[in-house]
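What follows is each chain in one-letter form.
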Amino acid sequence: MRDRHQRATALVFAVHGAVAGTLATRMPWLQDHFGLGTAALGLVLLFPPIGSFLTMPVTARLAYRFGPRATTRVLLALWCASLALPVLAPGPLWLVPVFLTSGATAGMCDLAMNAQGVLVERRLGRSVMSGLHGMWSVGNLGGAGIGAVAAQAGLDARAHLVLMAAALVAVGAVGSRALLDDKPAPDEKPPKRFALPPRAVLLIGLIGFFGTFAERASGQWATIYLTNVAGAGAGLAATGYAVFTACMVTVRLGGDFVVRRLGPVLTVRAGAVTAVLGGVIVVAFRTPAPVIVGFALFGAGLAVVVPLVFAAAGQVARTPAEGVAGVATITWMSGLVAPSVIGWLAGTFAFPFAFALVTCMVAAMIQPARALSPRPATARDPVPVEAACAD
């Protein structure tokens with residue numbers, strides 16, 4: 001049974017995902033409203049990850065200064081409120097600072113809530129991170145579903161996003177009151193103002209780099225691969241992407257059960273083998289049905305990698321926020337370059353060649369997965385009972 005701290009953290013993940021899913025449904029409105037071409041919209045959408053990448057390294061310092069609970073709650077509120085900014089921008093040039101701000105709040109909140117997940121795991125003494133990331137996906141799908149209904153009903157995007165922003169701010173504020181706090185020891189040195197990845201998380205970050213690259217490459221290019229290589233129609237290609245996403249969400253929601261029995265190292269290795277099998281099928285076949293099966297195995301195999309990378313990084317660094325910030329800097333960089341690298345490889349060589357390379361990257365995670373082995377508990381690990389109390 002989940003305790004109230006785990007429930008509060010799961011709600012934060014779901015709200016964070018709902019913001020992303022809601023905004024995604026209104027991108028066509030933004031493109032039409034501001035008269036943006038495809039290339040211009042693509043340029044604008046580079047700024048959220050840039051904003052995240054530039055500001056994530058300061059999150060550990062904020063968590064030290066204000067406490068992880070207050071930091072997470074404030075950043076979640078800012079991320080929810082930023083949902084209304086794009087539709088309220090007075091002109092297209094304003095989208096650049098708007099999306100920089102949105103990306104900054106999204107990335108910092110992402111780190112803060114993953115650090116919360118590490119604190120919950122320490123308190124409970126068991127894996128919960130996979131399920132928390134599954135809740136993000138549930139929230140993302142929920143936000144997207146509401147957005148699709150609103151768009152189909154003809155609700156103005158400005159009204160839709162402002163109302164959703166207000167509702168999600170309220171839900172996040174009420175639901176996050178039971179988040180954990182972790183007071184630093186009196187003699188503990190504060191983290192650097194701009195923390196680069198510590199050496200202890202570099203190997204973990206490499207696993208995260210490969211896993212995120214493969215996940216983003218598949219998510220961005222699965223439908224186009226099915227259309228151009230496997231000859232699938234638009235509906236079948238979209239179904240393939242839906243199957244990939246559904247497998248990933250399902251495995252994440254149940255992944256903690258597997259981690260508790262096999263441990264993170266064997267779980268990631270088994271997932272990598274499953275994803276490699278899926279990648280081989282994707283590359284080898286040229287008809288829709290087996291390629292969809294291949295993407296399904298790919299999604300299922302990759303599902304637990306990023307959650308376990310964040311969990312491991314939060315355990316090996318001085319504080320959860322420092323470890324998560326370090327590895328997230330690496331994984332976000334991977335997610336930023338993956339779609340364009342795959343597009344370049346597919347254009348220069350061929351799509352099967354590009355996904356053969358992605359499959360090799362997944363296989364390369366098998367050996368270094370040993371870095372995810374849980375470390376022995378230290379005196380810094382436990383969360384004090386008084387710090388665990390809600391506001």
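Since we're looking at a predicted model, the values are computed, not measured.

About the cut-offs
- Within every chain, residues take consecutive numbers counted from 1 along the sequence as written.
- Given that the model is predicted, a residue must reach a pLDDT of at least 70 before its local features are reported, and side-chain atom pairs must reach 80 or more before they are shown or counted; all residues, however, enter totals for whole chains, interfaces and linings.
- Where side-chain values are given, they derive from all heavy atoms of the structure, hydrogens and water being excluded.
- Counting from the N terminus, the helices are DSSP H or I runs at least four residues long and the strands are E runs at least two residues long.
- Radius of gyration means the value over C-alpha atoms here, while the globule rule gives 2.2 Å times the residue count to the 0.38 power.
- Residue contacts follow a heavy-atom distance rule, with two residues in contact if any of their heavy atoms lie within 4.5 Å.
- Residue-level confidence of the predictor is what pLDDT reports, using numbers from 0 through 100.
- For every element, the axis is a line fit to its C-alpha atoms; helices are fit only across the contacting stretch, and the angle between N-to-C directions ranges from 0 to 180 degrees.
- The sense of a crossing depends on the near helix, which, turned anticlockwise from the far helix by less than a right angle, makes the crossing left-handed and, turned clockwise, makes it right-handed.
- Side-chain classes are defined by residue name, with Ala, Val, Leu, Ile, Met, Phe, Trp, Tyr, Cys and Pro counting as nonpolar, Asp, Glu, Lys and Arg as charged, and the others, Gly among them, as polar.
- Criterion for a disulfide: a pair of cysteine sulfur atoms within 2.5 Å.
- Here a polar contact is taken to be a pair of N or O atoms separated by no more than 3.5 Å, where protein atoms must pair a possible hydrogen donor with a possible acceptor and residues adjacent in sequence count only if both atoms sit in side chains.
- Here, patches come from residues exposed beyond 30% relative accessible area and free of salt bridges, joined within 9 Å for like charges and within 5 Å for nonpolar side chains (Val, Leu, Ile, Met, Phe, Trp, Tyr).
- Surface accessibility follows the Shrake-Rupley procedure with a 1.4 Å probe radius. Residue values consider only the protein chains on display as shielding.
- Whenever a carboxyl oxygen of Asp or Glu lies within 4 Å of a side-chain nitrogen of Lys or Arg, that contact is scored as a salt bridge.
- For every residue, the accessible area obtained with a 1.4 Å probe (protein chains only) is divided by the maximum for its type, and the residue is called buried under 20%, exposed over 50%, and partly exposed between those limits.
- Planes of paired rings set the category: under 30 degrees apart is stacked, over 60 is edge-to-face and the rest tilted, where pairs are Phe, Tyr or Trp rings (Trp by its six-membered ring) whose centres lie within 6.5 Å.
- Charges are assigned to positions over rings by a cutoff of 6 Å between ring centre and Lys NZ or Arg CZ, combined with an angular limit of 35 degrees from the ring normal.
- Multiplying 1.5 Å by the helix residue count minus one yields the expected span of that helix.
- Read the arc as the range of directions from the helix axis to the C-beta atoms.

1. Thoughts on the overall build of the protein chain
Looking only at helices and strands, the protein chain features 16 helices and zero strands. The globule rule puts the C-alpha radius of gyration for 391 residues at 21 Å, and the 20 Å found for the protein chain is close to it. Projected onto its principal axes, the C-alpha coordinates of the protein chain cover approximately 60 × 50 × 35 Å. In the protein chain, the share of contacts with a sequence separation of at least 24, taken over all contacts with a separation of at least 6, comes to 86%.

2. As for the confidence of the model for the protein chain
The predicted model of the protein chain has a mean per-residue pLDDT of 87, with 91% of residues at 70 or higher. Throughout residues 377-391 the model reports pLDDT below 50, and contacts reaching past four residues in sequence, or to other chains, amount to 34 contacts.

3. Describing the packing of helix 1 (residues 4-25) against helix 9 (residues 129-152)
Helix-helix packing is described using two parameters, namely the angle between the two axes and the distance between the axes. At a minimum axis separation of 6 Å, helix 1 and helix 9 run at an interaxial angle of 40°. Between helix 1 and helix 9 lies a crossing whose hand is right-handed. When helix 1 is examined against helix 9, the residues Gln-6, Thr-9, Ala-10, Phe-13, Ala-14, His-16, Gly-17, Ala-18, Ala-20, Gly-21, Thr-22 and Thr-25 are found in contact with a partner set consisting of Leu-132, His-133, Met-135, Trp-136, Gly-139, Asn-140, Gly-143, Ala-144, Gly-147 and Ala-148. Each residue belonging to the contact of helix 1 with helix 9 can be placed in one class, and the counts come to ten nonpolar, twelve polar and no charged.

4. Let's talk about the state of the cysteines
Joining two cysteines, a disulfide is a covalent bond between their sulfur atoms. Applying the stated criterion across every chain, the model contains zero disulfides. Not part of a disulfide, Cys-80 finds its nearest cysteine sulfur in Cys-109, a span of 7.4 Å.

5. What to know about the environment of Ala-246
Looking at the element boundaries, Ala-246 is found in helix 12 (residues 234-284). Taking the C-alpha atoms as reference points, Ala-246 and Cys-80, separated by 166 residues in sequence, lie 25 Å from one another.

6. Focus on the side chain of Thr-71
Mapped onto the secondary structure, Thr-71 falls in helix 6 (residues 68-81). A distance of 3.2 Å separates a polar atom in the side chain of Thr-71 from the backbone oxygen of Leu-62. For Thr-71, the contacting residues outside a window of four places in its chain are Leu-62, Ala-63 and Phe-66.

7. Some details on a nonpolar patch on the surface
Taken together, the side chains of Leu-43, Leu-46, Ile-50, Phe-53, Leu-54, Met-333 and Leu-336 present a nonpolar region at the surface, about 570 Å² in accessible area. Position of Ile-50 among the secondary structure elements: in helix 4 (residues 47-55). According to the relative accessible area criterion, Ile-50 is partly exposed, its value standing at 32%.

8. Comments concerning the packing of aromatic side chains
This structure, assessed with the given rule, holds ten aromatic pairs. Each ring, one from Phe-209 and one from Phe-213, has its centre 6.3 Å from the other, and the planes form 25°; the classification is stacked. Here Phe-209 and its partner Phe-213 are both found in helix 11 (residues 202-228), four residues apart, which amounts to about one turn of the helix. Residue Phe-213 is classed as buried on the basis of its relative accessible area of 6%. For the pair Phe-295 and Phe-355, a centre-to-centre distance of 5.7 Å together with 90° between the ring planes defines the contact as edge-to-face. With Phe-295 in helix 13 (residues 288-302) and Phe-355 in helix 16 (residues 351-363), this pair connects stretches of sequence that are 60 residues apart. Comparing Phe-295 with Phe-355, the two get one shared label, buried. Every member of this aromatic cluster is reached through a ring pair, and the members are Trp-221, Tyr-225, Phe-295, Phe-351 and Phe-355. The ring centre of Phe-257 lies 3.7 Å from the NZ or CZ of Arg-261, which sits over that ring.

9. Here we look at helix 6
The periodicity of an α-helix, 3.6 residues per turn, causes residues three or four positions apart to be oriented the same way. Its 14 residues give helix 6 an end-to-end C-alpha distance of 20 Å, which sits within 8% of 20 Å, the value for a rise of 1.5 Å per residue. Residues Pro-68, Arg-69, Thr-71, Thr-72, Leu-75, Leu-76, Trp-79 and Cys-80 constitute the buried set of helix 6. For helix 6, the arc enclosing every buried residue in end-on projection is 160°, short of the 170-degree limit, so these residues lie on one face. For helix 6, the secondary structure elements touched by its buried residues are helix 1, helix 5 (59-66), helix 8 (95-124) and helix 10 (157-175).

10. Quick notes on the pattern of salt bridges
Within the structure shown, the criterion is met by four salt bridges. A salt bridge links Asp-156 to Arg-158; the shortest N-O distance between them is 3.0 Å. The class for Asp-156 is partly exposed, based on a relative accessible area of 30%. Assessed through its relative accessible area of 35%, Arg-158 is described here as partly exposed.

11. Points about helix 8
Here helix 8 is 30 residues long and its end C-alpha atoms lie 42 Å apart, about the 44 Å a rise of 1.5 Å per residue gives. Most of helix 8 is tucked away, with 24 of its 30 residues classed as buried. Two residues or fewer past helix 8, Gly-125 is found with a positive phi of approximately 70°.

12. Here's the deal with the packing of helix 12 against helix 14 (residues 305-316)
Packing of helix 12 against helix 14 leaves a shortest axis separation of 11 Å and a crossing angle of 65°. Where helix 12 crosses over helix 14, the handedness of that crossing is right-handed. Residues Arg-252, Val-259, Pro-264, Thr-267 and Val-268 of helix 12 form the contact with helix 14, whose participating residues are Val-305, Val-306, Pro-307 and Leu-308. Here the residues of the contact of helix 12 with helix 14 sort into seven nonpolar, one polar and one charged.

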